[in-house]
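In case you want the letters, here they are:
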Amino acid sequence: MKPMTTTANKSQRPPAEVLHADELAALARSDRDPRPPGWRLSMKAVRRFVVGDHDIKTKIVCPPSLIERAMVTLASNRALLLVGEPGTAKSLLSELLAAAISGTSTLTIQGSAATTEDQIKYGWNYALLLNEGPSPRALVTSPLYRALQEGRIVRFEEITRCPAEVQDGLLSILSERLLMVPELPGDNAVFAAPGFNLIATANTRDRGVNEMSAALKRRFAFETVFPIASYDEELALVQREVARMLAHDGVATRPASEVLEVLVTTFRELRQGVDQEGGAIERLSTVVSTAEAVSVAYGVALRGHYLRGDSGQPGDIVEALAGAAAKDNPDDLKKIRRYIEHKAGKRKGEHWQQFHAARHLLPQ
Ligand SMILES: Nc1ncnc2c1ncn2[C@@H]1O[C@H](COP(=O)(O)OP(=O)(O)OP(=O)(O)O)[C@@H](O)[C@H]1O
Ligand SMILES: [Mg+2]
C-alpha cells in the first residue's frame, strides 16, 4: 500500500499563504506601491490583505492603525511583540503578516518551558558531526536561522513561556542582526538579509510578559491586541469562520443566525461581566474568547449535522459550554448555570427559551 501523504491545502489547517494564495498573487500583480527592502508586498497591500476591502476578505477584525503600527515596526530595526488575552487572534495576525510580508508563515518557533537555545539558533546532526566534525552540512538550522539567511519574518509563539535565559539568546541577534556559529571554522557569521524580522506573541493570562528581561523588552515594540469591541462584528466573524470551516469539511448546512446570536451574546456577557441591558453578570475566571466562540459554534454545527441531520440547536451550546468555558474551575460552572437560569430565561425569543430549557445538560 502506498503511504498516505497530505498536501498543505488538503491538511486540516492550511497555512495562510496556502489558504489565501489567490489573494496574495492578485495583490502582488496589482501592487505598484513602494515595498520595504526584502518585502514581497507593499505596506498598503499587506494592510489590504489583513483588514480586507471590497475584493479581499477581512481576516482580522481590528483597527487598521494596529496593522499599520505593526508593519512599521517590522520594517524597522525593532521586533514586534503582540500581547493580549488568549484567543484574540495574536497568532493569526502574526501568521497573516508573515505570509504577506515574506511569503511564508511556517518559520515558527513554539515557545514553551522546554524550549532550548538550540531550537532558537541551531543544533547539530550528531552522526555527521562525529564523522566530519563541525561543518555546514552537519548544522541543523532553526527557523530563526533560516529567516535571517533568507530575509523573512520568523514567528516566536508564546515567547514568555520560555525560560528568561533562552529568551535572552535573542538579544545579540536582534541588536547586531547577525548570528555567530563559533564552532564553524572561517566564515562563521550569518548576517540578516533585508526583510528579516521577528514577531513574537505573548499571552497575558499564561504567565504575563513580566519575565522578559528589560534588555530584551527594549528590542521590541509592544502592541496590545484587544477582544473585538463590537457585537455585530464579532457575530459576523463567528458566522464567517464557521462557514469557512464547514465548507472545508464539505458540510453544506450552516448554523441558524439566531443560534449564533445566543452563543455570541452569552460569550460576550460572560466575558465582559455586563449584560445588554447594563445589568451585572458574574465574569468567568476562564477566558471566553472569540476563538472559543468560533470553536463552540463549529461544534454546535457538527453535532447537529452528524448526530441529528440538522444545523445545530441552542441546546448544543449548553453541551459545549461546560467544556469550553468552565475548564477546571467548578465556580465557573456555577456562574454559567446562574447565567442561563436567570438571564437566558428572561429573554424573549424561541432560541433563548430553548437555550434556557437545555440547562439541565450542564454537568452537576
Ligand atoms: N479580532 C479577530 N479577528 C479575526 N479572528 C479572530 C479575532 N479574534 C478572535 N478570532 C478568532 O480566533 C482565532 C485565532 O485565535 P489565535 O489562536 O490566533 O488567538 P491567540 O490570541 O493567539 O490566542 P492564544 O493566546 O490562546 O494563543 C481565529 O481563527 C478566529 O477564529
Ligand atoms: Mg496564540
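Within any chain, residue numbers begin from 1 and follow the written order of that chain's sequence. Note on labels: chains are lettered from A, ligands numbered from 1, in written order. For this predicted model, a pLDDT threshold of at least 70 governs which residues receive local features, and a threshold of 80 or more governs which side-chain atom pairs are given and counted, while totals over whole chains, interfaces and linings are taken from all residues. The basis for every side-chain value is the complete set of heavy atoms in the structure, and neither hydrogens nor water enter the calculation.

The next thing to look at is the overall build of the protein. Helix and strand assignments come from DSSP, with helices taken as H or I runs of at least 4 residues and strands as E runs of at least 2, each series counted from the N terminus. Check the secondary structure of the protein and you find 17 helices and 9 strands. Seen along its three principal axes, the alpha-carbon backbone of the protein occupies a region of about 75 × 55 × 45 Å. Contact between two residues is taken to exist if any of their heavy atoms lie within 4.5 Å; hydrogens are not considered. The contacts of the protein with a sequence gap of at least 6 include a subset with a gap of at least 24, amounting to 70%. Note that accessible areas follow from Shrake-Rupley with a 1.4 Å probe, and for residues the cover is restricted to the protein chains shown. Total accessible area computed for the protein in this model is approximately 17700 Å², and 54% of it derives from carbon and sulfur atoms. When the 45 basic and 44 acidic side-chain charges of the protein are each reduced to a single mean position, those positions are 1 Å apart. Counted as positive: Lys and Arg. Counted as negative: Asp and Glu. His and the chain ends are not counted at all. For the purpose of locating charges, the reference atoms are NZ of Lys, CZ of Arg, CG of Asp and CD of Glu.

The next point concerns the sheet that holds strand E8 (residues 197-203). Any two strands between which DSSP finds at least two bridges are classified as paired. Read from one edge to the other, the open sheet built from 5 strands follows the order E2-E5-E8-E1-E9, with strand pairing classed as parallel. Taken across any chain shown, the strands that pair with only one partner, and hence form the sheet edges, are strand E2 (108-110) and strand E9 (220-225). If you compare each strand with its neighbour and ignore which way they point, the axes differ by 20 degrees on average. Across 5 bridges, strand E1 (residues 79-84) lies against E8 in parallel orientation. Among the inter-strand pairings, Gly84 is bridged to a residue of E8, identified as Asn203. Docked against the sheet, helix H5 (residues 90-102) engages E1, strand E5 (153-157), E8 and E9, running at close to 170 degrees with respect to E5. In this analysis, axes come from line fits to C-alpha atoms, helices being fitted only over the stretch in contact, and the angle between any two N-to-C directions falls in the range 0 to 180 degrees.

Turning our eyes to something else, we now look at the site of ligand 1. Here a residue is considered near a molecule or strand provided that any single heavy atom belonging to it is located within 4 Å of it. Around ligand 1 sit 18 residues, and of these Gly87, Lys90, Ser91, Leu92 and Asn203 come closest. Within 3.5 Å is the distance limit for a polar contact, defined as a pair of N or O atoms, with the added protein rule that one can donate a hydrogen and the other accept it, and that residues adjacent in sequence qualify only through two side-chain atoms. Within the contact set of ligand 1, an oxygen atom lies 2.8 Å away from a backbone nitrogen or oxygen of Gly87. Here Ser91 contributes a side-chain N or O atom positioned 2.7 Å from an oxygen atom of ligand 1. Residues were grouped as follows: Ala, Val, Leu, Ile, Met, Phe, Trp, Tyr, Cys and Pro as nonpolar; Asp, Glu, Lys and Arg as charged; and all remaining residues, including Gly, as polar. For the shell around ligand 1, the per-class residue count stands at 9 nonpolar, 5 polar and 4 charged. An automatic or database domain assignment provides the domain bounds reported here. Shared between two domains, the shell around ligand 1 takes at least three residues from each, and those domains are domain 1 (10-225) and domain 2 (231-361).

Any carboxyl oxygen of Asp or Glu that lies within 4 Å of a side-chain nitrogen of Lys or Arg is treated as forming a salt bridge with it. Counting across every chain of the model gives 25 salt bridges. Between Arg47 and Glu68 there is a salt bridge, and its shortest N-O distance comes to 2.6 Å. Of this pair, Arg47 sits in helix H3 (residues 43-51) while Glu68 sits in helix H4 (residues 64-75); the two residues are 21 residues apart in sequence, bridging distant segments of the chain. Per-residue accessibility, obtained with a 1.4 Å probe over protein chains only, is compared with the maximum for each type, and a residue is labelled buried under 20%, exposed over 50%, and partly exposed between these values. The partly exposed category is assigned to Arg47, whose relative accessible area is 28%. Among the ionic pairs, Lys121 bridges to Glu117, the shortest N-O distance being 2.8 Å. Its relative accessible area of 16% is what places Lys121 among the buried residues. For Glu117, a relative accessible area of 38% corresponds to the partly exposed category.

The geometry of an aromatic ring pair comes down to the distance between the two centres and the angle between the two planes. Geometry of aromatic contacts follows a simple scheme: Phe, Tyr and Trp rings, the Trp one being its six-membered ring, pair when their centres are within 6.5 Å, and the pair is stacked under 30 degrees between planes, edge-to-face over 60, tilted otherwise. Within this structure, the stated rule accounts for 2 aromatic pairs. For the ring pair Tyr122 and Trp124, a centre distance of 5.9 Å and an interplane angle of 85 degrees mean the geometry is edge-to-face. Measuring from centroid to centroid gives 5.9 Å for Trp352 and Phe355, while their planes differ by 75 degrees, and the two rings are edge-to-face. In this pair, Trp352 and Phe355 both sit in helix H17 (residues 350-357), 3 residues apart, roughly one turn of the helix. Grouping residues by exposure puts Trp352 and Phe355 together as buried.

To continue, consider helix H15 (residues 314-326). Given the number of residues in a helix, its expected span is that number minus one, multiplied by 1.5 Å. Helix length check: H15, at 13 residues, gives a terminal C-alpha distance of 18 Å against a target of 18 Å (1.5 Å per residue), a fit within 8%. Along its length, H15 shows its largest kink, about 40 degrees, at Ala320. Burial analysis of H15 places 10 of its 13 residues in the buried class, the great majority of the element. Turning to H15, the residues buried within the fold contact helix H13 (257-272), helix H14 (290-308), helix H16 (330-343) and H17. Looking one or two residues past H15, Lys327 carries a phi angle of roughly 40 degrees, positive in sign. The term bend refers to the angle at a residue between two fitted axes, each drawn through seven residues, those ending there and those starting there.

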